[in-house]
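# An overview of the molecular structure
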There are 2 protein chains.
Amino acid sequence: MLTKAQIRDLRSLRDRKHRETTGRFAVEGEKLVADLIAEGHAIEELYALESWTPPAGRHALPRRVVVSEEEMGRISHFPTPSPVLAVCVMRREELVPSMLATGRTLALDGVQDPGNVGTLIRVADWFGFACVLLSPDCADPHSPKVIQASMGSFARVPLFRTDLDEALSAAKVPVLGCDLTGESVHELAPQKNVVVVIGSEGRGLTDPVRERLTGRVTIPRIGKAESLNAAVAGAIVCAALAR
Amino acid sequence: MLTKAQIRDLRSLRDRKHRETTGRFAVEGEKLVADLIAEGHAIEELYALESWTPPAGRHALPRRVVVSEEEMGRISHFPTPSPVLAVCVMRREELVPSMLATGRTLALDGVQDPGNVGTLIRVADWFGFACVLLSPDCADPHSPKVIQASMGSFARVPLFRTDLDEALSAAKVPVLGCDLTGESVHELAPQKNVVVVIGSEGRGLTDPVRERLTGRVTIPRIGKAESLNAAVAGAIVCAALAR
């Protein structure tokens, strides 16, 4: 049985501050947890129903605490709890300038919707991007909704919360911003070494980031919609660069 | 002041059955309602706070009922109500076979996430698709979440809930399914006359729909993600066809 203090601690992982102070975050869902185990992600503890079966394979299993359905309902971050919740340890890698000297990088400049951030991490993973940079005002990549939308990609793609202006100033590769004007995405040559920057849903790219761009790319509109969803626009550009 | 019966009726519009029986649905948000008025969409009534200012322009304004913040809180479908809620009349156009004889059409085969359905309607609008077909098991296009994600595009793009198998059997243009195998999207020639079919998030395309396809298109993977979000995959294919 879980103590009150344990339940309080696990529930507090819904809160960004508590995640950052303790360097831990929660991941729920059988598929997601199985992915984390397969990837060898650092897991502090698993909280699972009696009925939960660990994934097959030769992976080392973290310490497992059996909880009742009622306890899972209390610690889960979702209205419909899954049979397993993993408490994971945040990776604290430093972004080093050499990471922006080669390869493809996706940078998010104030993308605030957790669904968009998660979807873009998944897009970066699909198209083999080396890492994702997130400005401090992006949705927290360790929040439950981002993790859910990223479908396990958050554990595979290195993520760095960083001042984009500073990070991009050290980039040795072209820095391409998605914008309402610029070169058509259909004319874009595939690029192996590039940073793609996606702006926020409401206001697009910030001025300091605009000054770091070496080019701008746009998705020509044929119909009448005022804009495209940020994740959709980012995906179309990433697909064009990675073809 | 609203009567109890009015509040009950407005709240019932959260419920798909009530929407379908009465042929009405609710739209909230200043921007969305302004778009509807500008598009000349049939609006039965507007429920607005005293403070709400109707959009500028020469559009005919529907009948307006002033409500208090407390009343708006009760009739709104969202935790944070907007200053205006429009009760709209559903369009009941019939899908006629000639609509699939020319132009670009997007067809959704069991896309269940309302965010994905709304985003795909917005994508269809951006790329000038003539209409969107939705199989009966798709998320309801008149649900609040779909409307929110479509950002006003739901009022511009004709939407048809229909049996896809039957509708596609009458198509006179190529029918292209998004799948895990098929021709690479990067090799796809732009097409002015085509139906693009997107399958559900979990199981992809259904068998009856597969049998109606004249081709399959896939998005080559470079990295490790298991799949792409359905809206993202659809957007990448629509962008390639409309370039």
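Because the structure is a prediction, the values reported are computed rather than measured.

## Quick word on the overall build of chain A
The helix and strand inventory of chain A stands at nine helices and ten strands. Based on the C-alpha atoms only, the size of chain A along its principal axes is roughly 60 × 40 × 35 Å. A burial count over chain A gives 54% of its 243 residues as buried. Put simply, 75% of the contacts in chain A that link residues at least 6 apart link residues at least 24 apart. Total accessible area computed for chain A in this model is approximately 10,900 Å², and 51% of it derives from carbon and sulfur atoms. For chain A, the distance from the average site of its 29 positive side-chain charges to the average site of its 30 negative ones is 2 Å.

## Remarks on the sheet that holds strand β2 (residues 43-48) of chain A
Residues and elements named next belong to chain A. Across the sheet, four strands lie side by side as β1-β4-β2-β3; this open sheet has mixed pairing. One side of each edge strand has no neighbouring strand; the edge strands of this open sheet are β1 (24-28) and β3 (64-66). The mean inter-strand angle of the sheet, taken between neighbouring strand axes irrespective of direction, is 20 degrees. The sheet contact formed by β2 and β3 spans three bridges and is parallel. By the bridge assignment for β3, Tyr 47 is matched with Val 65.

## Remarks on the relation of the copies chain B and chain A
The two copies are related by a screw operation: chain B maps onto chain A through 180 degrees of rotation and 0.0 Å of translation along the axis, at an RMSD of 0.0 Å. In the structure described here, the two chain copies are related by an operation that fits a two-fold rotation axis. Looking at the interface residues of chain B, 100% of them are also at the interface in chain A, so both copies use one shared face.

## A look at the confidence of the model for chain A
When the pLDDT values of chain A are averaged, the result is 94; 100% of them are 70 or greater. The complex prediction reports pTM at 0.93, with the ipTM value standing at 0.92.

## What to know about the sheet that holds strand β5 (residues 104-109) of chain A
Residue and element names in this part refer to chain A. Ordered by their spatial adjacency, six strands build an open sheet running β7-β6-β5-β9-β8-β10, and the pairing between neighbours is parallel. Each having just a single partner strand, β7 (159-161) and β10 (215-218) make up the two edges of the open sheet. Recorded for the sheet is a direction-independent mean angle of 35 degrees between the axes of neighbouring strands. Taken together, the three bridges between strand β6 (residues 131-134) and β7 define a ladder with parallel strand orientation. Within β7, the residue paired with Leu 134 across the bridge is Arg 161. The strands that helix α5 (residues 114-126) touches are β5, β6, β7 and β9 (194-199); relative to β5, the one it contacts most, it runs at about 170 degrees. The sheet contacts of helix α9 (residues 230-241) involve β5, β8 (175-184), β9 and β10, and relative to β9 the element is tilted by about 165 degrees.

## Description of the packing of α9 of chain A against helix α9 (residues 230-241) of chain B
Running from amino to carboxyl end, α9 of chain A crosses α9 of chain B at an angle of 55 degrees, the nearest separation of the two axes being 9 Å. Looking at the two axes, α9 of chain A sits oblique to α9 of chain B. Between α9 of chain A and α9 of chain B lies a crossing whose hand is right-handed. The segment α9 of chain A lies against α9 of chain B, with Ala 231, Val 232, Ala 235, Ile 236 and Ala 239 of chain A engaging Ala 231, Val 232, Ala 235, Ile 236 and Ala 239 of chain B. Partitioning the contact of α9 of chain A with α9 of chain B into residue classes produces ten nonpolar, no polar and no charged.

## Regarding unusual backbone geometry
Its identity as a non-glycine residue notwithstanding, Met 151 of chain A has a phi of 55 degrees, on the positive side. Given the relative accessible area of 44%, Met 151 of chain A is considered partly exposed.

## Quick notes on the environment of Ala 239 of chain A
Residue placement: Ala 239 of chain A occurs in helix α9. Residue Ala 239 of chain A is classed as buried on the basis of its relative accessible area of 3%. In this structure the C-alpha to C-alpha distance between Ala 239 of chain A and Asp 179 of chain A, which are 60 residues apart in sequence, comes to 16 Å. Those residues in contact with Ala 239 of chain A that sit more than four places away from it in its chain are Phe 127 of chain A together with His 186 and Ile 236 of chain B.

## Concerning the layout of surface pockets
Residues and elements named next belong to chain B. Quantified by volume, the second largest pocket comes out at close to 650 Å³. If you go around the second largest pocket, you meet 29 residues; those closest to its centre are Glu 93, Leu 95, Leu 159, Phe 160 and Arg 161. For the lining of the second largest pocket, the secondary structure elements donating two or more residues are β7 (159-161) and α7 (164-169). Considered class by class, the residues forming the lining of the second largest pocket number 16 nonpolar, four polar and nine charged.

## Quick word on the pairing of strand β2 (residues 43-49) of chain B
Residue and element names in this part refer to chain B. Of all the seven residues making up β2, six are buried; the element is thus mostly covered by neighbouring parts of the structure. Relative to strand β4 (residues 84-89), β2 runs antiparallel, the two sharing five bridges. Across the sheet, residue Tyr 47 finds its bridge partner in β4, namely Leu 85. With four bridges connecting them, β2 and strand β3 (residues 64-67) associate as parallel partners. Residue pairing in the sheet places Leu 49 in a bridge with Val 67 of β3.

## A look at the side chain of His 77 of chain A
Tracing the chain through its elements places His 77 of chain A in the loop between α4 (69-75) and β4 (84-89). Beyond its immediate stretch of four places on either side in the chain, His 77 of chain A contacts Leu 10, Leu 13, Arg 14, Ala 26, Glu 28 and Pro 144 of chain A.

Reading the values: the criteria
- Residues numbered from 1 in each chain as written.
- Chains lettered and ligands numbered in written order.
- Predicted model: local features only at pLDDT ≥ 70, side-chain atom pairs only at ≥ 80, totals over all residues.
- Heavy atoms only, no water.
- Helix = DSSP H or I, 4+ residues; strand = E, 2+ residues; numbered from the N terminus.
- Buried < 20%, exposed > 50% of the residue type's maximum accessible area, 1.4 Å probe, protein only.
- Contact = heavy atoms within 4.5 Å.
- Areas by Shrake-Rupley, 256 points an atom, 1.4 Å probe, with all protein chains shown as cover.
- Lys, Arg positive; Asp, Glu negative; His and termini not counted.
- Charge placed at Lys NZ, Arg CZ, Asp CG, Glu CD.
- Pairing = 2+ DSSP bridges.
- Axes fitted to C-alpha atoms, helices over the stretch in contact; angles between N-to-C directions.
- Least-squares fit on C-alpha atoms with pLDDT ≥ 70 in both.
- pLDDT = per-residue confidence, 0-100.
- Parallel < 35°, antiparallel > 145°, perpendicular 65-115°, else oblique.
- Left-handed = near helix turned anticlockwise from the far one by under 90°.
- Nonpolar A, V, L, I, M, F, W, Y, C, P; charged D, E, K, R; others polar.
- 1 Å grid on protein atoms, 1.4 Å probe; cavity = no way out; pocket = protein on both sides within 12 Å on 5 of 7 lines; lining within 4 Å.
- Points joined across faces, edges and corners; volume = space filled by probe spheres on them.

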